[in-house]
Amino acid sequence: QVQLVESGGGVVQAGGSLRLSCAASGRTTSSYAMAWFRQAPGKEREFVARISGTGGFTYYGDPVKGRFTISRDNAKNMVYLQMNSLKREDTAAYYCAYQPMGSPHYDYWGQGTQVTVSS
C-alpha cells in the first residue's frame, strides 16, 4: 500500500501563487511516476501535470502550461506543484496520484487539497 497526503491548498487572489506538496509513504518503489489532477465542482477530473520517476520528464495539461511547474524530491518522497499566475478557473480540489513502475494506471490517490482563487 502507498499513502499520499497533499497539503498547501488555500485561498489566493487571482494572479497569486501557491505551492502544493504531496508526501508519499508506504510501499513506494525507487522509480514511480507521479501526477497532479484536479476536479472542480460539477466538472470531470482533469489532468494537470506528470513527472517521471527520475524527474527528467514532465508533462502538463494545456490550461496550466507555462504557469505550473511539477517537481519532486525522491530522497524525501515528495512531489510539488508550483502554481503561478493563478486564475479563477484554477479553483478545484487538487489530487496527487502515484503510478507504480510497470502499471498503466495511477493506482494510488491522495485525499485532495482545495485551491480557491478569488477575483
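Refer to the structure above for everything that follows.
Treat the numbers as computed from the prediction; the structure is a model and nothing was measured.

Re the pattern of salt bridges
Next, step 1: Applying the stated rule across the entire model yields four salt bridges.
Next, step 2: For the salt bridge of Glu46 with Arg38, the shortest nitrogen-to-oxygen distance reads 2.7 Å.
Next, step 3: The class of Glu46 is partly exposed, set by a relative accessible area of 30%.
Next, step 4: Given the relative accessible area of 5%, Arg38 is considered buried.
Next, step 5: Through salt bridges that share partners, Arg38, Glu46, Arg67 and Asp90 make up one connected network.

Here's the deal with the nonpolar core
Next, step 1: Met34, Trp36, Leu81, Met83 and Tyr94 are the most contacted members of the largest nonpolar core, which totals 27 residues.
Next, step 2: Going through the elements one at a time, β1 (2-7), β3 (18-26), β4 (32-39), β5 (46-51), β7 (68-73), β8 (78-83), β9 (92-100) and β11 (113-118) are the ones with two or more residues in this core.
Next, step 3: Discounting chain neighbours no more than four positions away, the residues touching Tyr94 are Glu6, Leu20, Trp36, Phe37, Arg38, Val48, Phe68, Leu81, Met83, Gly112, Thr113 and Val115.

Here's the deal with the packing of aromatic side chains
Next, step 1: Counted according to the given criterion, the structure contains six aromatic pairs.
Next, step 2: Note on Tyr106 and Trp109: the rings are 6.3 Å apart at their centroids and 65 degrees apart in plane angle, and the pair reads as edge-to-face.
Next, step 3: In textbook terms, an aromatic cluster arises when at least three aromatic residues are bridged by ring pairs, as seen for Phe37, Phe47, Tyr106 and Trp109.
Next, step 4: Above the plane of the ring of Tyr80 lies Arg19, whose end atom (NZ or CZ) is 4.2 Å from the centre.
Next, step 5: Above the face of the Trp109 ring, Arg45 is positioned so that its terminal group lies 4.1 Å from the ring centre.

How each quantity is defined
- Residues numbered from 1 in each chain as written.
- Predicted model: local features only at pLDDT ≥ 70, side-chain atom pairs only at ≥ 80, totals over all residues.
- Heavy atoms only, no water.
- Salt bridge = Lys/Arg side-chain N within 4 Å of Asp/Glu carboxyl O.
- Buried < 20%, exposed > 50% of the residue type's maximum accessible area, 1.4 Å probe, protein only.
- Core = buried A, V, L, I, M, F, W, Y, C linked by side-chain atoms within 4.5 Å.
- Helix = DSSP H or I, 4+ residues; strand = E, 2+ residues; numbered from the N terminus.
- Contact = heavy atoms within 4.5 Å.
- Phe/Tyr/Trp six-rings, centres within 6.5 Å; stacked < 30°, edge-to-face > 60°.
- Lys NZ or Arg CZ within 6 Å of the ring centre and 35° of its normal.

Keep in mind these values describe shape, not function.
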